[in-house]
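Observations on chain architecture
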Amino acid sequence: MFKIKKKAGKQKPAVLYNIVEDYSEFDAPGNVTVCAMTYQEDLAAHAKVLSESYEIPLETMTNLLTEGGIYVYPQTGGILTRGLFACRVDPTGESPKQTWTLDLMQFAEAEQLAHARSIPLSEVAVMVLHRTLPEELQAKLEQKNLGIDYRTLDRAVAKGGDIKYIDFRKDWSPHFKRLCIMPDGRLVETGGVEEFAELHGITPAQAKMLVEQGGTLAVNGEVLACQIVNGQPAVARFSAKNYLKAKELVATKKLHIMDALSEVAYNDPVMMRGLIRKDLGAQS
């Protein structure tokens, strides 16, 4: 008797976070999303995702997540274009592992402080990060498990025990999804540039430019619009009809195309339907 082998299904992506708190509405550089995990860390999966997200060699990222430390981005053409990535590991295991990035301004400040006070850059990086975070989040980080009442958590999350690690994220990757408002009011989640590009039928290069620089991109008579708010991409797709309305506002009211598209969206009950539902759901 022969056994028929089942066709291997598509491998599910690793679950890296089961607690997520959004602080992206705050002014940069404090505009982070706190992504935490109560289960034991899957080091290989964690390292792989962060390596891809932050463009750091996998071996280097694995070492950082194991031992802690910092990675200063190399110069490009003799110019420093990015700051640093940091990982803080408590050798006693009492505090959760933490990872974050510092932008160029924060990095410059950290270097000055490290030089002036003769303190290791890795220690100064912690000071610079925490000082720029929202006060509410600063207070939570002083408390065990971010001060979360575990009685209010889903049982599957709570049974994992204490928070094992926290990633302060700002990126947009396959494991960190963002919403796009569609012409029919749907809010569609995409994780990463390639998935976003596939959804809208554009090239990854076009998608990358749009979400990094903002602006508009015509797609089959419709238009994709992206505003960079506090360093985060906010994306919406407009129908040909609404795109025409926006261009009329540009001509008659001398508005910028992004302002015109925003006005059209707010006055379109169909496009706003998904956002209204999302807000009502958050309030209930």
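Here, every reference points to the structure presented above.
Summarised in this report is the structure supplied together with it. Computed from a predicted model, the values in this text were never measured in an experiment.

Procedures and definitions
- Residues numbered from 1 in each chain as written.
- Predicted model: local features only at pLDDT ≥ 70, side-chain atom pairs only at ≥ 80, totals over all residues.
- Heavy atoms only, no water.
- Helix = DSSP H or I, 4+ residues; strand = E, 2+ residues; numbered from the N terminus.
- Buried < 20%, exposed > 50% of the residue type's maximum accessible area, 1.4 Å probe, protein only.
- Contact = heavy atoms within 4.5 Å.
- Areas by Shrake-Rupley, 256 points an atom, 1.4 Å probe, with all protein chains shown as cover.
- 1 Å grid on protein atoms, 1.4 Å probe; cavity = no way out; pocket = protein on both sides within 12 Å on 5 of 7 lines; lining within 4 Å.
- Points joined across faces, edges and corners; volume = space filled by probe spheres on them.
- Nonpolar A, V, L, I, M, F, W, Y, C, P; charged D, E, K, R; others polar.
- Salt bridge = Lys/Arg side-chain N within 4 Å of Asp/Glu carboxyl O.
- Expected span 1.5 Å × (residues − 1).
- Axes fitted to C-alpha atoms, helices over the stretch in contact; angles between N-to-C directions.
- Parallel < 35°, antiparallel > 145°, perpendicular 65-115°, else oblique.
- Left-handed = near helix turned anticlockwise from the far one by under 90°.
- Pairing = 2+ DSSP bridges.
- Phe/Tyr/Trp six-rings, centres within 6.5 Å; stacked < 30°, edge-to-face > 60°.
- Lys NZ or Arg CZ within 6 Å of the ring centre and 35° of its normal.

1. A few points about the overall build of the chain
In terms of regular secondary structure, the chain is built from 11 helices and 11 strands. Burial analysis of the chain (284 residues in total) assigns 40% to the buried set. In the chain, 45% of the contacts between residues at least 6 apart in sequence involve partners at least 24 apart. For the chain, the accessible area works out to roughly 16900 Å², and carbon and sulfur atoms hold 54% of it.

2. A closer look at empty space enclosed by the protein
The full count for this structure, using the stated rule, is one cavity of 30 Å³ or more. Here the largest cavity defines a volume of roughly 50 Å³. Lining the largest cavity are Pro 29, Val 32, Trp 100, Thr 101, Gln 106, Leu 129, Thr 132, Phe 168 and Lys 170. For the lining of the largest cavity, the secondary-structure elements that each account for two or more residues are β5 (97-102) and α4 (121-132). For the lining of the largest cavity, a count of residues per class yields five nonpolar, three polar and one charged.

3. Things to note about the pattern of salt bridges
Taken as a whole, this structure holds 11 salt bridges when the rule is applied. The partner of Arg 82 in a salt bridge is Glu 55, with the nearest N and O atoms 3.0 Å apart. Residue Arg 82 is located in the loop between β3 (69-72) and β4 (84-88), and its partner Glu 55 is located in the loop between α1 (43-54) and α2 (58-67); the two are separated by 27 residues in the primary sequence. One salt-bridge network, held together by shared partners, links Glu 21, Glu 136 and Lys 140.

4. Regarding α1
Residues spaced three or four apart along an α-helix point in a common direction, a consequence of the helix completing one turn every 3.6 residues. With 12 residues, α1 should reach 16 Å at 1.5 Å per residue; the first-to-last C-alpha distance of 16 Å fits that figure. Along α1, the residues that are buried comprise Ala 45, His 46, Ala 47, Val 49, Leu 50, Ser 51, Ser 53 and Tyr 54. Lining the buried residues of α1 we find α2, β4, β5 and β6 (165-169). Immediately beyond the C-terminal end of α1, within one or two residues, lies Glu 55, with a positive phi of roughly 55 degrees.

5. Remarks on the packing of α1 against α2
Where α1 meets α2, the axes come as close as 9 Å, and the angle between the chain directions of the two elements is 125 degrees. One element, α1, and the other, α2, form an angle in the oblique class. Like other packed secondary-structure pairs, α1 and α2 cross with a definite hand, here right-handed. Residues Leu 43, His 46, Ala 47, Lys 48, Leu 50 and Ser 51 of α1 touch α2, and the partners they reach there are Leu 58, Met 61, Thr 62, Leu 65 and Thr 66.

6. Let's talk about the sheet that holds strand β2 (residues 33-37)
Two strands in a sheet stick together by hydrogen bonds in their backbones, pointing the same way (parallel) or opposite ways (antiparallel). Judged by pairing direction, the sheet is mixed, and its six strands sit side by side in the order β1-β2-β6-β5-β4-β3 without closing on themselves. The open sheet is flanked by β1 (19-22) and β3, the only strands paired with a single partner. Between one strand axis and the next, the sheet turns by 15 degrees as a mean value, whatever way the strands run. Summarising the sheet, β5 and β6 pair through three bridges and their orientation is parallel. Its bridge partner lying in β6, Gln 98 is registered against Ile 166. In this fold α1 packs onto β4, β5 and β6, with an angle of close to 15 degrees to the strand it touches most, β6. Relative to β3, α2 is tilted by about 150 degrees, and along the sheet it contacts β3, β4 and β5.

7. Quick word on the packing of aromatic side chains
Under the counting rule described, the total for this entry stands at four aromatic pairs. With 5.3 Å between their ring centres and 85 degrees between their planes, Tyr 71 and Tyr 73 make a pair best called edge-to-face. Overall, the relative accessible area of 7% leaves Tyr 73 in the buried class. In this arrangement the basic side chain of Arg 82 is found over the ring face of Tyr 73, its NZ or CZ atom lying 4.1 Å from the centre. Lying over the aromatic face of Tyr 243, Lys 247 brings its terminal NZ or CZ to 4.5 Å of the ring centre.

8. Here we look at the pairing of strand β8 (residues 187-190)
Every second residue of β8 is oriented toward a common face, the buried set being Val 188 and Thr 190 and the non-buried set Leu 187 and Glu 189. Examined bridge by bridge, strand β7 (residues 178-181) and β8 share four bridges and lie antiparallel to one another. By the bridge assignment for β8, Ile 181 is matched with Leu 187. The turn linking β7 back onto β8 is made up of five residues, and Gly 185 within it adopts a positive phi angle of 90 degrees.

9. Looking at the pairing of β6
Most of β6 sits inside the fold, with five of its five residues counted as buried. As defined by bridge partners, β2 adjoins β6 across five bridges and the pair is classed as antiparallel. Across the sheet, Val 34 pairs through a bridge with Phe 168, a residue of β6.

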